[in-house]
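Fold and contact review
Spelled out from the first residue to the last, the chains are:
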Amino acid sequence: MAPSHALRCCKRALNWIPVLFINLVVGWSYYAYVVELCVYTIPNNAERISYLVIFHISLIMFIWSYWKTIWFRPASPSKMFGLPRAEKELFEREERAEVQQEVLKKVVRNLPVYTRTAGGAVRYCDPCQVIKPDRCHHCSTCEICVLKMDHHCPWVNNCVGFSNYKFFILFLGYASLYCAVLCATVVQYFIKFWTNELADTPAKFHILFLFFVAALFFISILSLLGYHLWLVGKNRTTIEAFRAPVFSNGPDKNGFSLGFSRNMAEVFGDQAKYWFVPVFSSLGDGQSFLTRLIHVDPEQTNSVLQQNGKSTAEGETDTSVLSNSIQHTVDNSKGKIDGGQTVSVTMESEP
Ligand SMILES: [Zn+2]
Ligand SMILES: [Zn+2]
């Protein structure tokens, strides 16, 4: 085995340590709650059963969403974002960055890509050899480009992005609920520990630590959940919260925001029955996004309108196409700016 390969395998194994830690804590909390608290400490049968039912419901939802966040592979850009053969050869042969940019600019004209680098260049990933779709970033840990990348999370050893962001939010929500259930039901026995009303058995120490650990996790997870719900409401990823996406008219941190309810629907879907269930229901394909105001050249506008216009031309209402498409209305009154045309999007305004 080559040393670099062995090193990579070793690194991959080490990446699972935080996941193992979480699983060990959850495993211990299960034992402490079910055996030490419910079986050995609670004297009343009705209380014991009701606690066990609530506990197991919250645990199942927590583990289900955690599992989905870990194992749902982050989505990468489709072949459509790769360079066609002729342009690829030209791009690879060329050493001058400005000529390479010209090649990319020619290709990107036919793609629904509206963000650029801070310097105004087309965003291209060299390792993956693709033009990065809007909101897509390369993860150095996963070594792939991830659609609508939010961040790489060590606690799930996976990238959090378009494909599993809903699961991640639900994981935070159900983890908070799990900790809240533990705190709320253990607190009376926690108080009895300090008033010496508990029998002098090892169970009392499990109860003591169970409350402390649950309270600690509850506070930290709840604050993270609050932050991510705020991001969902603003239609921003963690990366975009730190560095605003750059459109042709400059950086705009609210560039993808379509109003609170639509922003929430983009992640949780438009059917309420799926909102709290860890099944995929996010809108769109993760490769093209509605933007609130963009400047594109007329050539690109036409190609996008043609690409997405077929459903309206046929008089159909395909929600999956509509959610992916860029529904532009050309605003002629604004005229031409920087050789391009101002294109505004029909949407509710950002509060
Ligand atoms: Zn990449
Ligand atoms: Zn990653």
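Residues numbered from 1 in each chain as written. Chains lettered and ligands numbered in written order. Predicted model: local features only at pLDDT ≥ 70, side-chain atom pairs only at ≥ 80, totals over all residues.

As annotated in an unreviewed UniProt entry, the chain carries the name Palmitoyltransferase and comes from Monopterus albus. Taken directly from UniProt, the Subcellular location (unreviewed entry) text for the chain runs: "Membrane". Of the comments in the UniProt record for the chain, the one headed Sequence similarities (unreviewed entry) reads "Belongs to the DHHC palmitoyltransferase family." (UniProt positions renumbered as here; feature names shortened; annotations may be inferred.)

For the rest of this paragraph, the subject is the overall build of the chain. Along the chain, the regular secondary structure elements total 11 helices and 12 strands. Taken over 351 residues, the chain has a buried fraction of 31%. Residue pairs at least 24 apart in sequence account for 63% of intrachain contacts in the chain once pairs closer than 6 positions are excluded. (Helix = DSSP H or I, 4+ residues; strand = E, 2+ residues; numbered from the N terminus. Buried ≥ 20, exposed ≤ 12 C-beta atoms within 10 Å, placed from the backbone. Contact = placed C-beta atoms within 7 Å.)

This paragraph deals with the nonpolar core. Side chains of a nonpolar character, in soluble globular proteins, are inclined to be buried together. Grouped together as the largest cluster of nonpolar side chains are 53 residues, with contacts concentrated most on Phe 171, Ala 175, Tyr 178, Leu 182, Val 186 and Leu 210. The set of elements that each furnish at least two residues to this core consists of α2 (17-39), α3 (45-71), β2 (130-131), β4 (144-146), β6 (158-160), α6 (165-194), α7 (203-234) and α9 (260-268). Ranked by residue count, the leading element in this core is α6, at 15 residues. For Val 186, the residues in contact, after removing those within four places along its chain, are Leu 37, Ile 207, Leu 210, Phe 211 and Ala 214. (Core = buried A, V, L, I, M, F, W, Y, C linked by C-beta atoms within 7 Å.)

So, on to the UniProt feature "transmembrane region" (unreviewed entry) in the chain. Look at the UniProt record and you will see "transmembrane region" (unreviewed entry) annotated at residues 20-43, 49-67, 167-191 and 203-227. Across residues 20-43 one finds 83% helix and 0% strand; the C-alpha atoms that close the span lie 34 Å apart. Regarding residues 49-67, the helix share stands at 100% and the strand share at 0%, and the terminal C-alpha atoms are separated by 26 Å.

Next up on the list: the packing of α6 against α7. Put simply, α6 and α7 touch, their axes get as near as 7 Å, and they point 150 degrees apart. Relative to α7, α6 is oriented roughly antiparallel. Judged by the twist between their axes, the crossing of α6 over α7 is left-handed. In terms of residue class, the contact of α6 with α7 is built from 25 nonpolar, three polar and one charged. (Axes fitted to C-alpha atoms, helices over the stretch in contact; angles between N-to-C directions. Parallel < 35°, antiparallel > 145°, perpendicular 65-115°, else oblique. Left-handed = near helix turned anticlockwise from the far one by under 90°. Nonpolar A, V, L, I, M, F, W, Y, C, P; charged D, E, K, R; others polar.)

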